[in-house]
Amino acid sequence: DAKTTQPPSMDCAEGRAANLPCNHSTISGNEYVYWYRQIHSQGPQYIIHGLKNNETNEMASLIITEDRKSSTLILPHATLRDTAVYYCIVNNNNDMRFGAGTRLTVKP
Amino acid sequence: GAVVSQHPSWVICKSGTSVKIECRSLDFQATTMFWYRQFPKQSLMLMATSNEGSKATYEQGVEKDKFLINHASLTLSTLTVTSAHPEDSSFYICSASPLAGPGETQYFGPGTRLLVL
């Protein structure tokens with residue numbers, strides 16, 4: 001019952017920026033956009049989240065469109081260790097519900 | 001960031017036995033923890049919400065008598081898979097948050113891989 005749509009897979013060259021899109025056209029006014037990633041056989045790792053404004057931290061940047069119907073996660077300089085499944089989640093409470101995510105492969 | 005641990009990291013058991021998985025918040029207290037399971041090549045599926053001092057809330061289709069959840073303290077929740085069968089083999093993951101409410105971050109444990117023979 002995920003409320004987001006993400007491309008199933010993407011490739012990115014090592015050292016280049018990885019831009020991962022997410023559509024959430026039915027997002028409610030009080031729902032946040034969260035990004036997590038899961039490296040093979042590990043628990044999900046929190047990346048970033050935001051409500052309306054763009055956000056940046058040491059891992060990534062989150063760009064949310066003005067109408068909040070879509071967002072983009074940006075990894076500014078992708079490394080091989082960024083290869084993972086990236087999940088975009090929208091919610092306003094604590095239970096994260098995962099969709100299929102985007103499998104990002106960073107290539108040398 | 002907040003740290004969530006799980007124990008054991010992997011377990012192999014015989015069909016019909018029960019298995020207990022622990023989820024601990026190491027540097028914060030959590031009134032609510034969540035349990036997920038993930039089958040190979042699939043996404044995480046929320047199983048239940050574990051509430052400290054009260055009964056867990058199970059997602060539709062998850063058998064509460066099969067998956068017993070106990071949240072006895074603010075730093076520990078346990079998931080017991082009773083009478084485990086091969087179809088229960090999966091990757092079980094818990095999460096917790098230092099604070100409740102919108103905009104708070106859930107932190108996930110490293111997961112427990114269960115193999116039932």
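None of the values given here were measured: they were computed from a predicted structure. (Residues numbered from 1 in each chain as written. Chains lettered and ligands numbered in written order. Predicted model: local features only at pLDDT ≥ 70, side-chain atom pairs only at ≥ 80, totals over all residues. Heavy atoms only, no water.)

## Digging into the interface of chain A and chain B
Between chain A and chain B, the residue contacts involve 19 residues of the former and 22 residues of the latter. Three residues, A:Pro44, A:Asn94 and A:Phe98, lead the burial of chain A against chain B; their summed loss comes to 32% of the area buried on that side. On inspection of chain A and its partner chain B, the count reaches one salt bridge. Between B:Glu59 and A:Arg97 there is a salt bridge, with the nearest N and O atoms lying 2.9 Å from each other. Between chain A and chain B we count nine residue pairs in polar contact (both at pLDDT 80 or more) in total. Elements with a contribution of two residues or more to the side of chain A that touches chain B: strand 3 (32-38) and strand 4 (45-50) of chain A. With four residues, strand 3 of chain A is the single largest residue contributor to the side of chain A that touches chain B. The class makeup of the residues in the side of chain A that touches chain B is nine nonpolar, eight polar and two charged. (Contact = heavy atoms within 4.5 Å. Buried area = accessible area lost by both parts, 1.4 Å probe. Salt bridge = Lys/Arg side-chain N within 4 Å of Asp/Glu carboxyl O. Polar contact = N/O pair within 3.5 Å; in protein donor to acceptor, adjacent residues only side chain to side chain. Helix = DSSP H or I, 4+ residues; strand = E, 2+ residues; numbered from the N terminus. Nonpolar A, V, L, I, M, F, W, Y, C, P; charged D, E, K, R; others polar.)

## What to know about the side chain of B:Gln6
All names here are of chain B. Structurally, Gln6 is set in strand 1 (residues 4-7). From its side chain, Gln6 meets the backbone nitrogen of Gly111 in a polar contact 3.0 Å long. For Gln6, the side chain forms a polar contact with the side chain of Thr112, separated by 3.2 Å. The contacts of Gln6, once residues within four sequence positions are left out, are Ile21, Glu22, Cys23, Trp35, Tyr92, Ile93, Cys94, Gly109, Pro110, Gly111 and Thr112.

## Re the sheet that holds strand 7 (residues 70-75) of chain A
Either a parallel or an antiparallel arrangement is found when strands of a sheet pair, and the pairing is made through backbone hydrogen bonds. Overall, antiparallel pairing links the four strands, which are arranged 2-7-6-5 (chain A) in an open sheet. If you trace the sheet from one side to the other, it starts and ends with strand 2 (18-23) and strand 5 (55-56) of chain A, each paired once. (Pairing = 2+ DSSP bridges.)

## Some points on the sheet that holds strand 8 (residues 76-81) of chain B
All names here are of chain B. In space, the four strands of this open sheet follow the order 1-3-8-7, with antiparallel pairing throughout. Both edges of this open sheet fall to strand 1 and strand 7 (67-73), since each of them pairs with a single strand only. Sheet twist, expressed as the mean angle between neighbouring strand axes with direction ignored, is 20 degrees. In the sheet, strand 1 pairs with strand 3 (residues 19-25) via four bridges, with the strands oriented antiparallel. (Axes fitted to C-alpha atoms, helices over the stretch in contact; angles between N-to-C directions.)

## Describing the pattern of salt bridges
By the definition in use, this model includes seven salt bridges over all chains. Ionic pairing is found between A:Glu31 and A:Lys3, a salt bridge with its closest N-O pair at 2.6 Å. Residue A:Glu31 is found in the loop between strand 2 and strand 3, and its partner A:Lys3 is found in the segment before strand 1 (9-13); the two are separated by 28 residues along the sequence. For B:Arg24, the salt bridge is made with B:Glu22, and the minimal N-O distance between the two is 3.5 Å.

## As for a nonpolar patch on the surface
Residue and element names in this part refer to chain B. Side chains of Trp10, Ile12, Leu115 and Leu117 sit close together on the surface and give an oily, nonpolar patch of about 460 Å² of accessible area. Tracing the sequence through the fold places Ile12 in strand 2 (residues 10-13). Overall, Ile12 belongs to the partly exposed group, its relative accessible area being 47%. (Patch = residues over 30% accessible without salt bridge, like charges linked within 9 Å, V, L, I, M, F, W, Y side chains within 5 Å. Areas by Shrake-Rupley, 256 points an atom, 1.4 Å probe, with all protein chains shown as cover. Buried < 20%, exposed > 50% of the residue type's maximum accessible area, 1.4 Å probe, protein only.)

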